[in-house]
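Listed below, chain by chain, are the residues.
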Amino acid sequence: MDIKTATALRRLRLVSAPEAVSFLLLLVCSVLKRTTDFNAVPVMGAIHGALFVLYVIFWADAWNRAKWPVKTAVVYFVLSVLPTGGFFAERMLKREAEDAVIATRARQEGAVKTS
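Residues numbered from 1 in each chain as written. Predicted model: local features only at pLDDT ≥ 70, side-chain atom pairs only at ≥ 80, totals over all residues. Heavy atoms only, no water.

**A word on the UniProt feature "transmembrane region" (unreviewed entry) in the protein**
Now for step 1: Within this numbering scheme, the UniProt entry marks residues 39–60 and 72–89 as carrying the feature "transmembrane region" (unreviewed entry).
Now for step 2: Between the end C-alpha atoms of residues 72–89 there is a gap of 11 Å, over a span that is 78% helix and 0% strand. (UniProt positions renumbered as here; feature names shortened; annotations may be inferred. Helix = DSSP H or I, 4+ residues; strand = E, 2+ residues; numbered from the N terminus.)

This is the structure we're talking about:
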């Protein structure tokens, strides 16, 4: 994996958890708006919107650089629209990065032949 691909995956990973947190906070703010006089929906909506846009931009970049199959790209996108999906995306991306490091080390040590 080259440095640009690793960077794209890392950016997506770093924005996925905050995006999930902002989604959950937006849901809480929506409930509070309807049950109390507290209305933080406009502020939380703007924060979540900005994080979601960043996620989509980073997702598209990671898909392009990592050459994911369509199924993998769809999974990461669907996770972005689920309230806790960002946490699962972060975990999956972390595992993918760790696997790439292991594969790179194995190739460097000659344990795996490159084509």
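**Notes on the environment of Leu 51**
Now for step 1: Within the element layout of this structure, Leu 51 appears in helix 2 (residues 41–66).
Now for step 2: Accessibility expressed as a relative area gives 19% for Leu 51, which makes it buried.
Now for step 3: For the pair formed by Leu 51 and Phe 23, sequence separation is 28 residues and the distance between their alpha carbons is 9.3 Å.
Now for step 4: Leu 51 has contacts with Val 15, Pro 18, Glu 19 and Ser 22, leaving out every residue within four places of it along the chain. (Buried < 20%, exposed > 50% of the residue type's maximum accessible area, 1.4 Å probe, protein only. Contact = heavy atoms within 4.5 Å.)

**Some points on helix 1 (residues 3–35)**
Now for step 1: Taking 1.5 Å per residue, 33 residues should reach 48 Å; helix 1 reaches 49 Å between its end C-alpha atoms and fits that length.
Now for step 2: Within the sequence span of helix 1, burial applies to Thr 5, Ala 8, Leu 9, Leu 12, Val 15, Ser 16, Glu 19, Ala 20, Ser 22, Phe 23, Leu 26 and Cys 29.
Now for step 3: The secondary structure elements touched by the buried residues of helix 1 are helix 2, helix 3 (70–80) and helix 4 (85–108). (Expected span 1.5 Å × (residues − 1).)

**Topic: the packing of aromatic side chains**
Now for step 1: For the coordinates displayed, the defined rule picks out three aromatic pairs.
Now for step 2: Plain terms: the ring middles of Trp 59 and Phe 77 are 5.1 Å apart, the flat faces sit at 50° to each other, and that makes the pair tilted. With Trp 59 in helix 2 and Phe 77 in helix 3, this pair connects stretches of sequence that are 18 residues apart.
Now for step 3: For Trp 59, a relative accessible area of 13% puts it in the buried group.
Now for step 4: Residue classification places Phe 77 among the partly exposed residues on the basis of a relative accessible area of 31%.
Now for step 5: Three or more aromatic residues link up through ring pairs in this structure, and these residues are Trp 59, Trp 63 and Phe 77. (Phe/Tyr/Trp six-rings, centres within 6.5 Å; stacked < 30°, edge-to-face > 60°.)

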